[in-house]
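# Tertiary structure, described
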Amino acid sequence: MRTTATAPDAARSGAADAVRPGRPGARRLTSAERVVYPELGVTKGEVAAYYRQIARWLLPELIERPLSLLRCPDGVEGDCFFQKHHADAFGPHVHAVELREKRGRDDYFYVRDIDGVLALVQMNAIEFHVWAARHDAPEQPDRVVFDLDPGEGVPWDQVRDAAREVRDALAGLGLRSWLRLSGGKGLHVVVPLRPGPSWTEVKAFSEAFAGRLAEQAPERYLASASKAERAGRIFVDWLRNTRGATSVASWSLRARPGAPVAMPLRWEELARTSGAAAYDLRRALRRARGLRRDPWAGFARTRQTLPTLS
């Protein structure tokens, strides 16, 4: 296995231009006063302002990738639904891309700039979830995501220890990884790849890796999604590494009480982090204003070859 560094990809190197809102055709936000997070009084306008203010950090993770949205027209306490297919109502800054499905083909969507993000917020999008591949290379995944999902009774310290154990196991295979708070209960350990392996290969690797952890420490981990077996253990969710699956984007809000954010961290920050939902909208804004360096610095330039696990 070899690890090499390349120039930043187009998403990251073009982010400075992509953050400038107000391009021709940009949609005006309506119903800005509608309350989205009732317990905090956070409005749709404040959600849009959040995404505009953190665009510098959000866009490298988000643009040029097929997206799924969680839309909440009546706020997070109302009915919310996922959407993965394009709609003309999204407007000109949200772009369609035709992708293969099990039964034919259909139009998915992606954005190129902050105006695209804000057009989706106008359509009551709260959460942004991304493919592990770009829209122009949908059969070439460029990352692996392990979602460490704790069952009932698992303390936060054990979740933190699990993330470090996953990091070290990946390092033993020659793979660098980066860390994200899910904004829910768990942690994401994310491995950038050189585009090239098939979805079948990525799925086989991630399933085998999760299975190996579960075999070595069955009292702490499991690699199946069975909720009946999850109490007191951490599900090493590898299922996000299949074609068409998505994972929440770094800096995305979550449609949960308290307006938590899926926050990327440096590994050294984990020890002083209190939980997977440690950052809410306002704390995330403070972090964004104070950041001098991307917590995932080097991620976009790292190209790693996927090893084979027997």
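What you are looking at is a predicted structure, and each value in this text was computed from that prediction instead of being measured.

The next subject is the packing of helix H3 (residues 44-53) against helix H8 (residues 281-290). At their nearest, the axes of H3 and H8 sit 10 Å apart, and the two run at 25 degrees to each other. Taken together, the axes of H3 and H8 are roughly parallel relative to one another. In the crossing of H3 with H8, the sense of the turn from one axis to the other is left-handed. Contacts between H3 and H8 involve Glu46, Tyr50 and Gln53 from the first element and Leu281, Arg282, Ala284, Leu285 and Arg289 from the second. Partitioning the contact of H3 with H8 into residue classes produces four nonpolar, one polar and three charged.

Positionally, arginine 180 belongs in strand S10 (residues 178-181). By relative accessible area, which is 1% here, arginine 180 ends up buried.

Moving on: the UniProt feature "domain: DNA ligase D polymerase" (unreviewed entry) in the chain. In the UniProt entry, the feature "domain: DNA ligase D polymerase" (unreviewed entry) is given for residues 43-296. Annotated as residues 43-296, this span is 28% helix and 23% strand, and its ends, taken at the C-alpha atoms, are 29 Å apart.

Strand order in the open sheet made by the six strands is S12-S13-S9-S11-S10-S15, with mixed pairing throughout. The sheet is open, and its two borders are formed by strand S12 (221-222) and strand S15 (264-265), each paired with just one other strand. Here four bridges tie strand S9 (residues 143-150) to strand S13 (residues 234-237), and the two strands are oriented antiparallel to one another. Looking at S13, one finds that aspartate 147 is bridged to aspartate 237.

This part takes up unusual backbone geometry. For residues other than glycine, phi is negative in most cases, and the peptide bonds are mostly trans. With a phi close to 55 degrees, serine 31 is a non-glycine residue in the positive phi region. What makes serine 31 partly exposed here is its relative accessible area of 28%. Although it is not a glycine, tryptophan 251 sits at a positive phi angle of roughly 80 degrees. Locating tryptophan 251 in the fold gives a position in the loop between strand S14 (247-248) and S15. Its relative accessible area of 1% is what places tryptophan 251 among the buried residues.

Quick notes on the rules
Residues numbered from 1 in each chain as written. Predicted model: local features only at pLDDT ≥ 70, side-chain atom pairs only at ≥ 80, totals over all residues. Heavy atoms only, no water. Axes fitted to C-alpha atoms, helices over the stretch in contact; angles between N-to-C directions. Helix = DSSP H or I, 4+ residues; strand = E, 2+ residues; numbered from the N terminus. Parallel < 35°, antiparallel > 145°, perpendicular 65-115°, else oblique. Left-handed = near helix turned anticlockwise from the far one by under 90°. Contact = heavy atoms within 4.5 Å. Nonpolar A, V, L, I, M, F, W, Y, C, P; charged D, E, K, R; others polar. Buried < 20%, exposed > 50% of the residue type's maximum accessible area, 1.4 Å probe, protein only. UniProt positions renumbered as here; feature names shortened; annotations may be inferred. Pairing = 2+ DSSP bridges.

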